[in-house]
Amino acid sequence: MVMSCETWTEKLDAYFDGELSPEEARTLNDHLRQCATCAAEGLRRLQQKRVVQAAAQRFTPDPVFRARIQKKIASPRPMLWGRRWLSVLVTVTASVLIAGLLVTLQRNRRSEQQLLSELVDQHVTTLASANPVDVISTDRHTVKPWFEGKIPFTFNLPELQGSPFVLVGGRVSYLRQSPGAELIFRVRQHQISLFIFQEQGLNDVGENESLRTALSFEVRTWRHHGLRYYAVGDVGAQDLNQLSELIKAAS
Amino acid sequence: MPLFERLYNFAHWLTQDREEAEDLVQETYTKALRGFSSFQPGTNFRAWIYQILRNTFLTSRTGLKSASISLDEEGAQQNLPVANATPETILLQRSDQQLIQEALGRLAVPYREILLLCEFEEMSYQEISTTLAIPIGTVMSRLSRARRALRDTVQQMRKD
């Protein structure tokens, strides 16, 4: 059965909220790859979700107030409450701590996922843009110097002759208010964004090297000499690994 | 107490006032301690404590005022049609953070709280349903309306 775009659009919120069945999510995902209108609407909704998520973290409790509540929860007061209340307090405190631990673990996972999704957003936005790069050149000796003075670090680019990859150009990108480089490579009909940022403040992706999938895009990340690299694209893991190895060898 | 910070943030968004938020969180913990026997092990602790906070808020002066707002959301099970604006004009940017915060503050409490539970707390529809004591169908329709209301508010604020 062929569904109309209107029907797909109605499912977008549940899709991004993670409330669709795996089968429905896969089918919708396939549709988004083929339909520019639904993809644009999806991007808009995803952006709104992310922006609200970031904006909602606004209010921090006063340390004095925190201490007051901590004292209230931790104080056993056995003389007044007796052994039963003591056990209740211990259970509540343990529950709060366990819930806290779960929330912290969830937050770390969410933080990592949020960061990867942010990069995928930027990759998609670049591809959708009429001017995807600010410096258009297949020559690494033109692209690299262009970044001088625009970002607070430098990097090396590999010689791509003999490989299936072509350098398309680059642009300045931002991650958590820090400037970095986004380099666009083409491999066959696909494009890969390589993001390079200073590692400081990007501890969310805990492992040294990893290959992840975010919103169906492959993301490969690694660190080298204080810089964090992220290669993002809708290509196979093999292509991403090959490009990553070339970049690493040049670094 | 990591949950404490999130409860406080949620309380402050609901009350829009620091002192009221502190009172609300304090009362929530007091009630949680007193009523811990009503918590059923194996059920969702987070939804339980947020439910206590929200119920406490609804009986406060600010909460009683917010409860009088009618949302007229029956029958709105599906998303509303996309507004006529093009994606470029309604795309919310990360740089809009201050604008979004102000717009969130302007939303009716039922819209604000459901957006916070879904987007920030990342609760499932089932958890939201438990916390707000509403059916899942209403969670979906209210979320859809809340998202639209936020977009409309931001657009209006950009025009002003």
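Residues numbered from 1 in each chain as written. Chains lettered and ligands numbered in written order. Predicted model: local features only at pLDDT ≥ 70, side-chain atom pairs only at ≥ 80, totals over all residues.

Undergrad: Quick rundown of the overall build of chain A? Include the residues and the values.
TA: Along its length, chain A carries 7 helices and 7 strands. Each helix and strand of chain A, placed in order from N terminus to C terminus, yields the pattern α-α-α-α-α-β-α-β-β-β-β-β-β-α. Counting over 251 residues, chain A shows a buried share of 25%. Restricting the contact set of chain A to residue pairs at least 6 apart, pairs at least 24 apart contribute 55%. (Helix = DSSP H or I, 4+ residues; strand = E, 2+ residues; numbered from the N terminus. Buried ≥ 20, exposed ≤ 12 C-beta atoms within 10 Å, placed from the backbone. Contact = placed C-beta atoms within 7 Å.)

Undergrad: Account for the interface of chain A and chain B, naming residues and giving values.
TA: Contacts between the two partners involve 39 residues from chain A, matched on the other side by 44 residues from chain B. Looking at the side of chain A that touches chain B, the elements that each hand over two or more residues are α1 (5–16), α3 (36–56), α4 (63–74) and α5 (78–128) of chain A. It is α3(A) that provides the largest number of residues to the side of chain A that touches chain B, a total of 12 residues.

Undergrad: Report on the confidence of the model for chain A, specifying residues and quantitative values.
TA: All names here are of chain A. Put simply, chain A has an average pLDDT of 80, and 81% of its residues get 70 or more. Element-level mean pLDDT values for chain A span from 66 in strand β5 (residues 209–214) up to 90 in α1. Within the model, the stretch residues 77–81 combines pLDDT values under 50 with 2 contacts to residues more than four positions away or in other chains. (pLDDT = per-residue confidence, 0-100.)

Undergrad: Pulling in residues and values, what's your account of the packing of α1(A) against helix α2 (residues 22–34) of chain A?
TA: Residue and element names in this part refer to chain A. In the contact formed by α1 and α2, the axes pass within 11 Å of each other and the chain directions differ by 120°. Judged on the interaxial angle alone, α2 and α1 are oblique. Considering only the axes of α1 and α2, their crossing is left-handed. Residues W8, K11 and Y15 of α1 form the contact with α2, whose own contacting residues are E24, A25, L28 and H31. Of the residues assigned to the contact of α1 with α2, the class counts are 4 nonpolar, 1 polar and 2 charged. (Axes fitted to C-alpha atoms, helices over the stretch in contact; angles between N-to-C directions. Parallel < 35°, antiparallel > 145°, perpendicular 65-115°, else oblique. Left-handed = near helix turned anticlockwise from the far one by under 90°. Nonpolar A, V, L, I, M, F, W, Y, C, P; charged D, E, K, R; others polar.)

Undergrad: Before we move on, can you summarise helix α7 (residues 237–250) of chain A with the specific residues and values?
TA: All names here are of chain A. Across its 14 residues, α7 extends 20 Å between first and last C-alpha, which sits within 8% of the 20 Å expected from 1.5 Å per residue. Those residues of α7 not exposed but buried are D239, L240, L243, S244 and I247. The buried residues of α7 all sit within an arc of 130° when viewed along its axis, so they share a single face. Projecting away from the buried face of α7 at angles above 90 degrees are the exposed residues A237, Q238, E245 and A249. Buried-residue contacts for α7 involve β2 (165–175), β3 (178–187), β4 (190–198), β6 (217–224) and β7 (227–233). (Expected span 1.5 Å × (residues − 1). Arc of directions from axis to C-beta.)

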